[in-house]
Amino acid sequence: MGEVDASFIQAPEQRPNPSIIDEAQGIPVIDLSPIHQHLQNDTTVSDPSAIEAVVKEVGRACKEWGFFQVINHGVPLNLKNGVEDVSRRFFSQSLEEKKKVARDQTSVPGYFDAEHTKNIRDWKEGLDFLAKDPTPIPISGDDDDDRTTQWTNRYPQNPPDLRGTVLEYIEEMEKLSFKLLELIALSLGLEPRRFHGYYLKDQCSFIRFNHYPACPWPDQALGVGPHKDPSALTILAAVDEVEGLEVRRKSDQQWIRVKPTPQAFIINIGDVVQVWSNDEYMGAEHRVVVNSEKERFSIPFFFSPAHNTMIEPTKELINEKNPAKYKPYNFGKFLVKRKDGNYQKQNVDNIQISHFRLP
Ligand SMILES: O=C(O)CCC(=O)C(=O)O
Ligand SMILES: [Fe+2]
């Protein structure tokens, strides 16, 4: 990744403090086994009170943390290991080889090594693949521009098994995402499939391979700066349980280190669920710290609705006492505006849902 340059250096108040490592005992680990039994219609083992308990746990986790981990999630372990393995093998290649699938301004999926979060460069490289190939998307973030374009995937030739593994993994991520979306809807007192319609025709979901090389300046740079995800929800595989992800605890605003549970996925709710729930659930700010000895890999799946979805507080949840806290926004435009800010240093902060908050 070359030498450290000023673009990586975080403002003093954003720098990690390695002497305070508070591990998040509190982030709930939720066992999803009752749900699979239910969904397979195996009525002999399905226990409605067990499912209700899972719904309650999910609701509590979304409210208190915006983060939780899931075990017995139904994703085959060999597939989770397989995708982690191809990601590691992809990044171990030369920069020249990786750049053969570099993303550009017109087709965003692909390899990148110079992403910015809130105008500071992240200490990482990454590779994105869309869940739906191609994915229709607005041509620009300009609200008056109705034109759409298509983003398409760029699969590297090496490793040769990457494409098949990624396709299989995306299928599993989608299945798990829909289950989680059902649990979230139920926990808000809504129909389980209340949000599924926004994913039927198209969706903007994508999977990202992250590689955070060991960093000689871990106290000045960050793997990913503080941010919230624009997705509805994010499913993260923390490869080999190497730590680095930190979540800002709602109760006292402290940065808390997430300790990955073996074989689990780390789930966080994103901006879209925050708005759908009218702030009943708030996405948590999170960041990635780097370390000087160990490299780290992670694989998030950002589950996001179709580009033309207008994101707004769910009608059934708002009334005179609880009026809508956001005006509707177009998901695709939001994503495109966010991407523009992620490419390069700009003079303004990139777009956030707070821009749509009603007074
Ligand atoms: O690598 C991680 O643990 C989290 C990455 C992340 O927050 C992101 O890519 O949005
Ligand atoms: Fe994130």
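Residues numbered from 1 in each chain as written. Chains lettered and ligands numbered in written order. Predicted model: local features only at pLDDT ≥ 70, side-chain atom pairs only at ≥ 80, totals over all residues.

**Student:** How should I be thinking about the overall build of the protein chain in this particular structure?
**Tutor:** From N to C terminus, the protein chain includes seven helices and 18 strands. On C-alpha atoms alone, the protein chain measures out to a radius of gyration of 20 Å, which is about the 21 Å that the 2.2 N^0.38 rule sets for 359 residues. Over its C-alpha atoms, taken along the principal directions, the protein chain stretches across nearly 55 × 45 × 45 Å. Taking contacts inside the protein chain between residues at least 6 apart in sequence as the whole, the part at least 24 apart equals 77%. (Helix = DSSP H or I, 4+ residues; strand = E, 2+ residues; numbered from the N terminus. Rg over C-alpha atoms; globule rule 2.2 N^0.38 Å. Contact = placed C-beta atoms within 7 Å.)

**Student:** Help me out: how do you make sense of the site of ligand 1 in this one?
**Tutor:** Every residue lining ligand 1 is accounted for by Arg208, Asn210, Val224, Asp229, Leu236, Ala238, Gly244, Leu245, His286, Val288, Ser298 and Pro300. Mapped onto the shell around ligand 1, the elements with two or more residues apiece are strand 9 (206-212), strand 11 (233-238), strand 15 (286-288) and strand 16 (296-303). In terms of residue class, the shell around ligand 1 is made up of six nonpolar, four polar and two charged. (Near = placed C-beta within 6 Å. Nonpolar A, V, L, I, M, F, W, Y, C, P; charged D, E, K, R; others polar.)

**Student:** How do you make sense of helix 5 (residues 162-187) when you look at a structure like this?
**Tutor:** Residues spaced three or four apart along an α-helix point in a common direction, a consequence of the helix completing one turn every 3.6 residues. For helix 5, which comprises 26 residues, the first-to-last C-alpha distance of 37 Å matches the rise-based estimate of 38 Å (1.5 Å per residue) to within 8%. Directly after helix 5, the chain includes Gly189, whose backbone phi takes a positive value near 80°. (Expected span 1.5 Å × (residues − 1).)

**Student:** What exactly am I supposed to notice about the sheet that holds strand 3 (residues 110-112) here?
**Tutor:** Strand-to-strand pairing in sheets goes through backbone hydrogen bonds, with the strands running parallel or antiparallel. Taken together, the eight strands give an open sheet; going across it, the order is 1-2-14-11-16-9-6-3, and neighbouring strands pair in mixed fashion. Of all the strands in the sheet, the pair left with one neighbour each is strand 1 (29-31) and strand 3. On average, adjacent strands in this sheet sit at an angle of 25° to one another, irrespective of strand direction. Direction of pairing for strand 9 relative to strand 16: antiparallel, over a ladder of five bridges. Looking across to strand 16, one finds that Tyr212 is bridged to Arg296. Its contacts with the sheet put helix 2 (residues 48-64) on strand 1, strand 2 (67-71) and strand 14 (265-269), and the angle it makes with strand 1 is roughly 160°. (Pairing = 2+ DSSP bridges. Axes fitted to C-alpha atoms, helices over the stretch in contact; angles between N-to-C directions.)

**Student:** I would appreciate a short explanation of the UniProt feature "domain: Fe2OG dioxygenase" (unreviewed entry) in the protein chain in the present structure.
**Tutor:** Mapped onto this numbering, the UniProt entry annotates "domain: Fe2OG dioxygenase" (unreviewed entry) at residues 200-305. Taken end to end, residues 200-305 comprises 6% helix and 38% strand; its first and last C-alpha atoms sit 9 Å apart. (UniProt positions renumbered as here; feature names shortened; annotations may be inferred.)

**Student:** Whenever I open this one, the packing of helix 3 (residues 77-91) against helix 5 confuses me. Can you help?
**Tutor:** Where helix 3 contacts helix 5, the axes come no closer than 9 Å and their chain directions differ by 135°. Accordingly, the angle class assigned to the pair helix 3 and helix 5 is oblique. Crossing angle aside, the handedness with which helix 3 passes helix 5 is left-handed. Judged by residue contacts, Leu79, Gly82, Val83, Val86 and Phe90 of helix 3 engage Leu162, Thr165, Val166, Glu168, Tyr169 and Glu172 from helix 5. Across the contact of helix 3 with helix 5, the residue classes tally to seven nonpolar, two polar and two charged. (Parallel < 35°, antiparallel > 145°, perpendicular 65-115°, else oblique. Left-handed = near helix turned anticlockwise from the far one by under 90°.)

**Student:** What's the story with the packing of helix 2 against helix 5 in this structure? I'm lost.
**Tutor:** Axis angle and axis distance: for two packed helices, these are the angle between their axes and the distance between the axes, and together they describe the pair. Running from N to C, helix 2 and helix 5 point in directions that differ by 85°, and their axes come no closer than 8 Å. On the basis of their axis angle, the class for helix 2 and helix 5 is roughly perpendicular. Touching Val54, Val55, Val58, Gly59 and Cys62 of helix 2 are Leu183, Ile184, Leu186 and Ser187, all from helix 5. Of the residues contributing to the contact of helix 2 with helix 5, the split by class is seven nonpolar, two polar and no charged.

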